Each structure stands twice: as C-alpha cells, then as structure tokens.
Amino acid sequence: MGPTGEDTSRSVVSQLAESVKAISELPECRNAFRKMYGNFVRRVKLLSPLFEELRDGNIPLGEGEVVALESLGEALNSAKQLIKSVNQGSKLYQALQRDEIIDKFHQMTVKIEAALSKIPYEKFDTSEEVCEQIELVHAQFKRAKEKKDCLDSQLEMDLAVAVRGTDLDPAVIKRLSEKLYLRTINDLKQESLAFHEWVIASDGDLGDHFEKMQSLLKKLKDLVLMENPEADNSECDKSTVKHRSPVIPDDFRCPISLELMKDPVIVSTGQTYERSCIQKWLDAGHKTCPKTQQTLLHTAITPNYVLKSLIALWCESNGVELPKKQGNGKNRKAGSSISDCDRASIASLLEKLAKGNSEEQRAAAGELRLLAKRNADNRVCIAEAGAIPLLVELLSSADSRTQEHAVTALLNLSINESNKGGIVNAGAIPDIVDVLKNGSMEARENAAATLFSLSVVDENKVAIGAAGAIPALIKLLCEGTPRGKKDAATAIFNLSIYQGNKARAVRAGIVAPLMRLLKDAGSGMMDEALAILAILASHQEGKAAIAQAEPIPVLVEVIRTGFPRNRENAAAVLWSLCTGDLQQLKLARELGAEEAMKELSENGTERAKRKAVSVLELLQRVDDDFIPQQC
C-alpha cells in the first residue's frame, strides 16, 4: 500500500476511534430505553482497544480491510445519531413510539454485526487480549441480532393499561414515574416543554399520541404533587428554573422583537404581534404586515386572547414569571388594582353576584373578569372563594353585558389548569355553548376561546363536541370578526384532534367555509384553514368531503408559492386525497403537482419533505392510459 493508502488507513482508524469515544461519552439514558441504550453503548465501548491499537501501532491494513472498516464507521455514525435522538425529546412520546424505536435499535445492531463480519480482525497484528475482546463483542452483536430487545414486561403492561384506562391504580402511575424518570416537578416541567415542542413540530400531524401523552402527563403530575405537595415551591426547583430557563416557543415570540409577547394582538392579515411593537410600526406610517409584506386591509388591531392565555399557561407550567403589561392605568376600574390576592374584596364581589340586583351583578362580574385577567394568584383565589358556579349561572343572564363578563371571567379563570375541572364540574359546557350560539359577538368570541381553553383536557373534547359546539363554532368562523374567526378556528382544530369530533365537524359542513377561507387571500385565515383540513383529511369522511370540494388546484398553488408551514399542510392534505384515489392523482399530475412536489422534497420542512416524497411515489405509479371508472 502506497503513502496515500497509508494515509487513508490511518484516517479511517482514527475516525473509528473518535466515533467509539463519542458514543462512549454520551450522557446516561434516563427513559424507557435505558437498558437497551446502555447495552449498546457498553458493546461499542469494547471496540475501543482494537482501534486504539491499530492507530497507535500504525498496523498496516489491506484495501479490503479498509473498506470493511469504512463500512463499520458508517454504521457507527448512524448508530450515534439514533441513540442521541433516543435520549432527547419527550420521554412519553419515546415510550409510545417504542415499537418503532426498538425496530431501529435492531436494524442498527444488524448493520453493525454485518460490518464486523467483514473485518478480519483475527488477522490483524494486535495483542491476543484485544483479539479475544473483539471476538466477544462480535458474539454479543450476533446474539443481539437474533432476538429483538424489548422493554421490561412490567413497563409494557403499565403503558398499555395507562393509555387505555381512566380510573388507574396509583401503583401503575408510580411505576411509570420511576421507569420513565419523571419523578419530580422539574422532570415534569422539562417533559412539558418537550411535549409542547413536539406539538409545534408536528403542526397538526399528531395521530393518536396527543391525547395519550396529555392524559399520561396529567396523571404523572397529579402523582408527584400528591406525594410532595410543596414540590412546586421548593428552593431546589426555583433554583433550577432560574438557572435553566426553558426555550420560548417560536409561536410565543413577537416576529418584530423576538421577545415573549405580553399583549399579543392580531392585524388584518391574521399575523400576531406584540401590541407595542406593531403599534410603533403602524405609527411610522407603514401599511404592510411586517412578516408577510401583504398590504393591510385596515390598521385596526384586535387582542389575541387565546394566545395570551396559552402564553400565561406556558409561563406557569415552566416556572417563568408571567409577562407584565405596561400600562398607565387610565382604564382601570375601582377595585381592580388588587395585585396580591385580597380575599375580602373577592368575597364582597361574590356576595353581589349571588344576591345583588342586575346592575350589581354586572359590575361584580366585570370586576372578577379583570381580576382573573391580572395574575395567577387571583385566579386561584377567585376559584377557591366559590366564584365559578355563580359565574356559570350568569351565563344565562338576560343582560348581554353581564353574560359577556361572565364568560370572559371563566375564560380567564380557565388559564389555571386546576380551574378547568371546576368549570366543567359546575356544568358550564352547555351554557358556554349556548352563549356561543346566541350571545353578542364579543360573548360568542370569548365563549369560543373558553371552549378552546377547556378542550386542552382530553375528556372535555368529547363533552364539548357532544354539547353541539362545533356547528356554532363553524358559524362564528363564517361570520365573526377577524379575532372571532381565529378563536373559532383554534377551537375547531383542537376539538378535531379527537376522532369523533372530526366526523361532527365534517357533517356540520366545515369543509365549505374552510375552502372559502383558503381561496380568499385577504382572509388572513389560510394558516388555520390548512391546519384544520390537514387534520380532517386523516378521517375517511373528512377526506371524502374535501375531495368533493375540488381542492387540488388551490393545494398545488399553495405548495408552489405558499409559506413553509402552509406548503407542509397542503402537501399533507394532497397526500391523503391521492392515497387510493387515481382520479385525484391524475388531476394532481395534470395541474403540475409532480414538479411542485419535487421542489418541496428538496426545500420544504422535514414533514413537508416526507409528504412530498410520498406523493411523488404515488404519482410515479399512475398509468397515463388508465382512467378509473369509479370515483
């Protein structure tokens, strides 16, 4: 072997040594795959002496041996990426994806064993001890190849029981908490953040994991808080939060300042900004949307209450101080200056709610609305004082303003997770749906936002859908203000995560208004329309209804020219429509979908690339001469 060959040999061996070192130094795995992760890392570590001896001894290698080592290097690099990914992200999602991950571990083992089989390590001029060790490692990989690893049987059973049941034996949740390393409030806060990031990254393509993960996370949190009620306020936890601030989700940042929004507002294009930032932009004489560059139809801005509620909930869940809105206080009513919980004042307001005349009830409900909006302590105090049942009673008030105050107060109270149950248990859902159907426009919009907030809890999705909310939300989607349409769309999207509500939405006629919003460039609702269509297209009735609306032309156009997330959702809808339907496939190809999908497969988001490749595979199978006889 000449000098170039020697250089290649040294390089390959050096890279192998570095790969083994990198895998050996990966942090300990603290999730359901701890055992198989540990077994794999341990086996790889045992390869280290071979590569170190080859490198340090400048042992000559033949061309075939170098090729074999390169093959092993590729296998180890792939393995490093896999095990790094297994040790990151949501532990619950990893556990629910266990079959897929176990398959990947097995494929990785097969690949490494095949590479080891090609390396004549017994012929290398290495010590007898090293040869024996490598033979041992190879034998271990051979055994592992013959039989897939699996989670321990108790963990498998506990996961199966937990995702199916509602009234669980606490011992099951306790074992899951231990096995998944979700043992403290801080563990759960990190898991909550990973869960949120997974939802954002999935962008509607959540499958059935969303409800399972949300339910399990709540049960685990209840267990930890029950075992240690003071955990949430411990000095250790505060210190951790202080020094390890969570990453702010992109959707909660103002596109102008890139800071966490404290007073998000919507402009006519449907984009949301921090109020002070967009106001400065408008005051400077600009007539366009900073993010999309579209011309603003008008310069009015409307509060985004749903997003504001989500930001507050995220702040509370992650130990982040709630953003404080800077204001001059000129709109503040008497009594609303309570910053710390004033129980006497709240008790007085509840007395007026219960026994006052109509004017006193209206004023008290308005005051509670403002107090519940101000901070988390007030929301807890108001609920503990017994306000929720009284506010629910006022939802049926004949006075429209009182009704508005009541439903908005419940919206603000629902930001606190524990209050959601109290609101539902007070029988609020049917009354909120009635406000959504018959109230003033402001009351209807805030009713929609309240239903969205309550629907974060899985079982509430079912109850809200069964109470008839979806037709009323669709009506608001058609005739509401820009803010009202946003609230309605957000609620419909969240409710449609539950499979039964997809059918309800389709039967209530959701597809036609979504298609109108999708085709109307000035609606500012294209993002929401596509996100809902993408989730409905996964349901057979939804797919059929969307297909009847002749969506292919506009979907192909969005894929060609839209923003990244819209292109992604359009591709997801197109894939659903074209799967098993040659008529739609032919039409898509005639409209230039193939070219658009090729470009998307190269430049889209990761999910968009996957969908684009799937559609391209379908398009390539179409027989030009075949015209389907049935649709």
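In this text the structure is predicted, and so the values were computed from the model without any measurement.

Reading the values: rules and limits
Residues numbered from 1 in each chain as written. Predicted model: local features only at pLDDT ≥ 70, side-chain atom pairs only at ≥ 80, totals over all residues. Heavy atoms only, no water. Helix = DSSP H or I, 4+ residues; strand = E, 2+ residues; numbered from the N terminus. Buried < 20%, exposed > 50% of the residue type's maximum accessible area, 1.4 Å probe, protein only. Contact = heavy atoms within 4.5 Å. Areas by Shrake-Rupley, 256 points an atom, 1.4 Å probe, with all protein chains shown as cover. Phe/Tyr/Trp six-rings, centres within 6.5 Å; stacked < 30°, edge-to-face > 60°. Lys NZ or Arg CZ within 6 Å of the ring centre and 35° of its normal. Expected span 1.5 Å × (residues − 1). Axes fitted to C-alpha atoms, helices over the stretch in contact; angles between N-to-C directions. Parallel < 35°, antiparallel > 145°, perpendicular 65-115°, else oblique. Left-handed = near helix turned anticlockwise from the far one by under 90°. Patch = residues over 30% accessible without salt bridge, like charges linked within 9 Å, V, L, I, M, F, W, Y side chains within 5 Å. Salt bridge = Lys/Arg side-chain N within 4 Å of Asp/Glu carboxyl O. Lys, Arg positive; Asp, Glu negative; His and termini not counted. Charge placed at Lys NZ, Arg CZ, Asp CG, Glu CD. Pairing = 2+ DSSP bridges. Disulfide = S-S within 2.5 Å. Polar contact = N/O pair within 3.5 Å; in protein donor to acceptor, adjacent residues only side chain to side chain.

Enquirer: Talk me through the overall build of the protein; I want residue IDs and the actual numbers.
Expert: Looking only at helices and strands, the protein has 34 helices and three strands in total. Counting the 631 residues in the protein, one finds 50% classified as buried. If you take every contact in the protein between residues at least 6 apart in sequence, the share linking residues at least 24 apart comes to 72%. In the form shown here, the protein has an accessible surface area of approximately 29800 Å², with 49% of it arising from carbon and sulfur atoms.

Enquirer: If you had to explain the packing of aromatic side chains to someone new, which residues and values would you point to?
Expert: Evaluation of the coordinates by the stated rule reveals one aromatic pair. Where Phe40 meets Phe141, the ring centres are 6.2 Å apart and the plane angle is 80°; that geometry is what we call edge-to-face. One end of the pair, Phe40, is in helix α2 (residues 34-45); the other, Phe141, is in helix α7 (residues 128-146), and 101 residues separate them in sequence. With respect to class, Phe40 is no different from Phe141; both count as buried. A cation over an aromatic ring shows up here: Arg43 above the ring of Phe141, its NZ or CZ 5.8 Å from the ring centre. Residue placement shows Lys611 over the ring face of Trp575; its charged tip is 4.3 Å from the ring centre.

Enquirer: Tell me about helix α31 (residues 564-578), and please be specific about residues and values.
Expert: Between its terminal C-alpha atoms α31 stretches 21 Å, which fits the 21 Å expected from 15 residues at 1.5 Å a residue. The buried count for α31 comes to 12 of 15 residues, which makes it a mostly enclosed element. Buried within α31 are the following residues: Asn566, Arg567, Glu568, Asn569, Ala570, Ala571, Ala572, Val573, Leu574, Ser576, Leu577 and Cys578. Note on α31: the residue one or two positions beyond its end, Gly580, has a positive phi of about 80°.

Enquirer: Mind laying out the packing of α2 against helix α6 (residues 98-117), listing which residues take part and the relevant values?
Expert: Where α2 meets α6, the closest approach of the two axes is 11 Å, and the angle between their N-to-C directions is 15°. The angle between the axes of α2 and α6 places the two elements in the roughly parallel class. Handedness of the α2/α6 crossing: left-handed. Residues Met36, Tyr37 and Phe40 of α2 form the contact with α6, whose participating residues are Ile102, Phe105, Met108 and Ile112.

Enquirer: Run through the environment of Val224, naming residues and quoting values.
Expert: Mapped onto the secondary structure, Val224 falls in helix α11 (residues 209-227). Judged by relative accessible area, Val224 falls into the buried class, the value being 5%. Measuring from C-alpha to C-alpha, the distance between Val224 and Ser177 comes to 8.5 Å, with 47 residues separating the pair along the chain. Those residues in contact with Val224, other than ones at most four positions away along the chain, are Leu182, Arg183, Thr184, Ile185 and Leu188.

Enquirer: So what's going on with a negative patch on the surface? Which residues, and what values?
Expert: Side chains of Glu128, Glu129, Glu132 and Glu135 sit close together on the surface and give a patch of like negative charge. Checked against the element boundaries, Glu135 lands in helix α7. A residue is classified by how much of its surface remains accessible, and Glu135, at 42% relative accessible area, is partly exposed.

Enquirer: Give a detailed account of the sheet that holds strand β3 (residues 302-303), specifying residues and quantitative values.
Expert: Strand order in the open sheet made by the three strands is β2-β1-β3, with antiparallel pairing throughout. Every interior strand has two partners, whereas the edge strands, β2 (272-274) and β3, have only one. Across three bridges, strand β1 (residues 264-266) lies against β2 in antiparallel orientation. Note on β2: the bridge partner recorded for Val265 is Tyr273. Set on the sheet, helix α13 (residues 275-283) makes contact with β1, β2 and β3; between it and β2 the angle comes to about 95°.

Enquirer: Quick one: what's the story with the pattern of salt bridges, residue by residue and with numbers?
Expert: Throughout the structure, instances matching the rule amount to 24 salt bridges. Residue Asp158 pairs with Arg175 through a salt bridge whose shortest N-O separation is 2.7 Å. Taken together, the residues Asp158 in helix α8 (residues 153-164) and Arg175 in helix α9 (residues 170-179) connect sequence positions 17 residues apart. Take Asp158: its relative accessible area is 3%, and that puts it in the buried class.

Enquirer: Describe the side chain of His539, and please don't skip the residues or the numbers.
Expert: Relative to the elements of secondary structure, His539 occurs in the loop between α28 (526-536) and α29 (540-548). What His539 contacts, discounting residues up to four positions off in sequence, is Gln499, Lys502 and Ala503.

Enquirer: So, the environment of Ala365: which residues are in play, and what are the values?
Expert: Note on placement: Ala365 falls in helix α16 (residues 358-374). The sequence separation of Ala365 and Lys352 amounts to 13 residues, and the corresponding C-alpha distance is 8.9 Å. With residues up to four places along the chain from it excluded, the contact list for Ala365 reads Leu353, Leu394, His405, Ala406 and Ala409.

Enquirer: Before we move on, could you go through helix α26 (residues 499-507) and cite the residues and values that matter?
Expert: Buried within α26 are the following residues: Asn501, Lys502, Ala503, Ala505 and Val506. For α26, the secondary structure elements touched by its buried residues are α23 (458-466), α24 (469-479), α25 (482-495), α28 and α29. Trailing α26 by a residue or two, Gly509 shows a phi angle of about 90°, which is positive.

Enquirer: For the state of the cysteines, give the residues involved together with the corresponding values.
Expert: Covalently bonding the sulfur atom of one cysteine to the sulfur atom of another cysteine gives a disulfide. The final tally for this structure, using the stated rule, is zero disulfides. Its sulfur unpaired, Cys254 is 4.1 Å from the next cysteine sulfur, which belongs to Cys277. Residue class for Cys254 comes out buried when judged on its relative accessible area of 0%.

Enquirer: Kindly report on the packing of α25 against α28, identifying the contributing residues and their values.
Expert: Put simply, α25 and α28 touch, their axes get as near as 10 Å, and they point 20° apart. Relative to α28, the element α25 is oriented roughly parallel. Crossing of α25 over α28 shows left-handed handedness. Every residue of α28 that contacts α25 at Lys486, Ala489, Ile492 and Phe493 is listed here: Glu528, Ala531, Ile532 and Ile535.

Enquirer: Describe the side chain of Asp263, and please don't skip the residues or the numbers.
Expert: Assignment of secondary structure puts Asp263 in the loop between α12 (235-243) and β1. Of the residues examined, Asp263 reaches a relative accessible area of 5% and is grouped as buried. At a separation of 2.6 Å, a polar atom in the side chain of Asp263 contacts the side chain of Arg275.

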